[in-house]
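Per-entry structural report
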Amino acid sequence: MKTTRVLQVDAFTDEPLTGNPAGVVPNADGLSESQMQSIAAEMGVSETAFVRSSERADRRIRYFTPTQEVDLCGHATIGSFAHLHDEGLEPGSSTLETNVGDLEIDLEDDGTVWMTQDRPQVREVDVGYDRVADALGVDQAALEGASDDIPLAVASTGLPFLIAPITYLSDVGTADPEMTAVEALTDALDVTGVYLFTFDALERESTLHGRMFAPGAGVPEDPVTGTASGAVGAYLDHFGAFDDDFPDELRLEQGHYVDRPGLVRVRVDGDVQVGGRGVTVLDGSLVVPADDEEEIIEA
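Below is a short write-up of the structure. What you see is a predicted model, and the numbers here were worked out from it, not measured in a lab.

Thresholds applied
Residues numbered from 1 in each chain as written. Predicted model: local features only at pLDDT ≥ 70, side-chain atom pairs only at ≥ 80, totals over all residues. Heavy atoms only, no water. Core = buried A, V, L, I, M, F, W, Y, C linked by side-chain atoms within 4.5 Å. Buried < 20%, exposed > 50% of the residue type's maximum accessible area, 1.4 Å probe, protein only. Helix = DSSP H or I, 4+ residues; strand = E, 2+ residues; numbered from the N terminus. Contact = heavy atoms within 4.5 Å. Polar contact = N/O pair within 3.5 Å; in protein donor to acceptor, adjacent residues only side chain to side chain. Patch = residues over 30% accessible without salt bridge, like charges linked within 9 Å, V, L, I, M, F, W, Y side chains within 5 Å. Areas by Shrake-Rupley, 256 points an atom, 1.4 Å probe, with all protein chains shown as cover. Salt bridge = Lys/Arg side-chain N within 4 Å of Asp/Glu carboxyl O.

This part covers the nonpolar core. The tendency in soluble globular proteins is for nonpolar side chains to be buried as a group. Counting 52 residues, the largest nonpolar core has Tyr 63, Ile 163, Tyr 195, Phe 197 and Tyr 235 as its most contacted members. For this core, the element with the most residues is helix α7 (residues 226-238), which contributes six residues. Beyond its immediate chain neighbours, meaning those up to four positions away, Tyr 195 contacts Leu 162, Ile 163, Ala 164, Leu 208, Gly 210, Arg 211, Met 212, Ala 228, Val 232, Leu 252, Glu 253 and Gln 254. Judged by nonpolar contacts, the second largest core, of 23 residues, contains Val 127, Ile 166, Ala 175 and Leu 189.

Put into structure tokens, the structure is as follows:
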């Protein structure tokens, strides 16, 4: 048996017990894949980040939900670097190795973390509004009415999501997804989850309000989602949602309907950057069972 340091960092917020809780294991070298999966299951948050050394970047992170490894996670990246800032990491740029490639991370003096995501990809999909409405538990007419200029589409800046605009904030708030149907939909489209959003936001300064459902990845509803926020930024840019007046920075509300409100900042200028802050709410140690599994050799 050995112990390892574990933290919970609430990301996309500077208020404890809001935003999106991420597990962070800051010294994960030497942990096997099965040990990392066991720790993520024990932490019980949507994703846990395992910070490791890298031969080609300044550091590496692997991400695990309670049930599986995922290639990228925005809020767990923000949480990891918020912790590193607390531990004395100097502001500036660094490189991060992930399963989707090497990404640039920019840390500001106030602890804001900016994550440059993977190359944007957007594609329209042939999926019926009736199927999406039934899966999300929303009114079909509200989906169709919001999609005259910005259709249902899959967007990715590292992880793919079905992006689904809807008319009003009340439509987002009263969504009652049938998780089995959502999982079948995401499997059929080969996406991680569904991001439902409206421009009818709570705060005047906000661009939109969203909710994200990813039951197939072990996350029925994610409070505040960095990778999906990057994807919706790329989606809005691709479809010219703001004509020739695209905002310098998007402000995406999320989490209010699961009592974990947070804010994601998104910049789209060729590259897509996702930004936010984080606050550590738990710092302790976890006993890790011995594991004779041969450590995976990583490129």
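Structure shown, so let's carry the discussion forward.
What follows concerns the environment of Arg 52. Here Arg 52 shows up in strand β3 (residues 48-52). Judged by relative accessible area, Arg 52 falls into the buried class, the value being 7%. Counting along the chain gives 26 residues from Arg 52 to Pro 26, while the straight-line C-alpha distance between them is 7.5 Å. Within polar-contact distance, the side chain of Arg 52 engages the backbone oxygen of Ala 28 at 3.0 Å. At 3.3 Å, the side chain of Arg 52 forms a polar contact with the backbone oxygen of Leu 31.

This paragraph deals with a nonpolar patch on the surface. Side chains of Leu 17, Val 281 and Leu 282 sit close together on the surface and give an oily, nonpolar patch of about 260 Å² of accessible area. Tracing the chain through its elements places Leu 282 in strand β18 (residues 278-288). Leu 282 sits in the partly exposed class, given a relative accessible area of 44%.

In this section: the side chain of Thr 186. With respect to the secondary-structure elements, Thr 186 resides in helix α6 (residues 179-189). Using a relative accessible area of 2% as the deciding quantity, one classes Thr 186 as buried. Among the polar contacts listed, one links the side chain of Thr 186 to the backbone oxygen of Glu 183, at a separation of 2.9 Å.

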